[in-house]
Amino acid sequence: MKDIIAFWGYPHPDIIKRAKEEYKNVQFLDLDVDFGANKVSILPENYCTIIKNIYNNAYFYKDRIIKILAPIGKDKCDSALFAAEILKDEGFIVETSIFEEKNFKKEIAPISTSSIPLKTKVELITKNIIEQKNYDNLDYVKPKAGFWGVPPNDLSILEIFPNETHIFGWMRCVEQMAPYDIELEKFVDKNIKTVFFAQTFCAKNQLAKYLSQKYGGLYVDIDGISNSSTKAKIEAYLRLG
Amino acid sequence: MEKYFLDAGTTWSKILTVKDGKKAYSIIRTKDLSNYDVEFEISTGHTLSKVKTKKTENEVIALSFGAKEIKNGVILDLGSRDAKWVKFENGKFKDMDWNTNCASSTGATVEMLLKFYEINSDDLIPTNEKYNVTCGIFGLEKIMDDISNGIDSKIAISKFITGIANNAYNFTKKPDKIYLSGGFCENSRFTDALKFYTKVELLGRFVLVDGLYNIYSENLFKGRFDKKIKVTGPDYLHDPSGEELIIEEID
């Protein structure tokens, strides 16, 4: 039985709306996330774990996926463009979108600046791509730290951060419904210690490293699951900074 | 009453014993640590699974507190498994890094090379020539190539060590001076090589255990951040169930 609309990144709000209207009682599956699906051998071994997740999940749920909503613009990455082509070639129904305009942009980011735990912030932002709930009632918290980047494959690294951590980078762009807003993506609070994270082999490492040097933050790239030393490094930076 | 503090490295464990305010240091092989039947006050390091300890502390935090007298400068701890450094300016934290991914360009590799080629560290022939050992595996390949082409193994390993020194200098962002902590303090071939690039002051192998003692004696142990808010609701991403977010403040 096909009961899943799969997606990655931030599909254009218009195609999400159409999918919700057309398909009732289906699940929306975020292919970016590591659910422990079996590995498929399509990509080179040394490749972005998030793109690997897309393939692993797509094949694991193949019999249940109605179609895949696939961002292919600057709001995601070149790898997603190629993934959309390959998955089409492999028999999936793929509806591509480009969400580069700023017509939907919100001026505030209540989840990113709230006092709820960082891992929950990331989960809420990601879930809200589909749900579009209003979180304006969340209280602003004065930040003790910053986290810049994308949702990491290994969400456990987020548990190291204090609750008073503000989110920056692509996740902030997603919350503000502007997944390609390079100025917003570069924005950080210069007065707080910030960890600049990118997934190993992702082009965003370029920006993460540059911004970390510009603002005196900590640059971290992680491939797949974080080791204990990487977690200890983040912990030390947050405590010493 | 004796108090014990432990820095359990991958190969060697450094122990500080404090009795009546007097400090005594010792080093044992980490594989023998399970025979060391004491309870440590605070421990740090990679190898703590079989150790009785009241508290564990982050290695960079231990390094920072161990070198707290250094108000300005870069303190580098280079051991058998990894390298980490912290920089202070006017007594305040400024920068840090920790090479967490590759252990192949550190002390364990040098020890293996010396054993493999049956060479004593003191017999190495100093050279400012170096291999590019950003990856230690590629470095090993170059050693083998050179030796098979007739280069003396005492020079080849020396070039490898100079490569490690060059890495350490670049990794710490090329400071004017490095305060060196860890096992490499006792490898004069390495410290001489590091002096090709920058000034070096040796702090010895017990900086981290001194840091643990400072944390203990000044009651500065903090541990992880406290979580004061409990959130229930979206604990998974793929099934938007419409569950409401509940945020509770807890003691």
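As shown above, the structure is provided for reference.
Residues numbered from 1 in each chain as written. Chains lettered and ligands numbered in written order. Predicted model: local features only at pLDDT ≥ 70, side-chain atom pairs only at ≥ 80, totals over all residues. Heavy atoms only, no water.

Colleague: Even after reading the chapter, I still don't get the sheet that holds strand 4 (residues 40-45) of chain B, so can you show me in this structure?
Modeller: The strands that make up a sheet pair up through hydrogen bonds in the backbone, lying either parallel or antiparallel. Residues and elements named next belong to chain B. The mixed open sheet is built from five strands, whose spatial order is 3-2-1-4-5. A strand with exactly one partner marks an edge of an open sheet, and here the two such strands are strand 3 (22-29) and strand 5 (53-56). Going across the sheet, the axis of each strand differs from the next one's by a mean of 25°, ignoring polarity. Direction of pairing for strand 1 (residues 3-8) relative to strand 4: parallel, over a ladder of four bridges. Bridged to Leu6 within strand 4 is Ser43. Running over the sheet, helix 6 (residues 207-217) touches strand 1, strand 2 (12-19), strand 3 and strand 4 and is turned about 135° from strand 1. (Pairing = 2+ DSSP bridges. Helix = DSSP H or I, 4+ residues; strand = E, 2+ residues; numbered from the N terminus. Axes fitted to C-alpha atoms, helices over the stretch in contact; angles between N-to-C directions. Contact = heavy atoms within 4.5 Å.)

Colleague: What exactly am I supposed to notice about the sheet that holds strand 2 (residues 27-30) of chain A here?
Modeller: Residue and element names in this part refer to chain A. As summarised here, the arrangement of the four strands in space is 2-1-3-4, forming an open sheet in which the pairing is parallel. Pairing within the sheet leaves two strands with one partner each, and these edge strands are strand 2 and strand 4 (94-97). Sheet twist, expressed as the average angle between the axes of neighbouring strands with direction ignored, equals 25°. When strand 1 (residues 4-7) meets strand 3 (residues 65-71), the two strands line up parallel, connected through four bridges.

Colleague: I tried to follow a nonpolar patch on the surface on my own but got confused; where do I start?
Modeller: Residues and elements named next belong to chain A. A grouping of Ile42, Leu81, Phe82 and Ile86 is seen on the molecular surface, where their side chains present a nonpolar patch of about 310 Å² in accessible area. For Leu81, the position within the fold is in helix 3 (residues 78-89). For Leu81, a relative accessible area of 30% puts it in the partly exposed group. (Patch = residues over 30% accessible without salt bridge, like charges linked within 9 Å, V, L, I, M, F, W, Y side chains within 5 Å. Areas by Shrake-Rupley, 256 points an atom, 1.4 Å probe, with all protein chains shown as cover. Salt bridge = Lys/Arg side-chain N within 4 Å of Asp/Glu carboxyl O. Buried < 20%, exposed > 50% of the residue type's maximum accessible area, 1.4 Å probe, protein only.)

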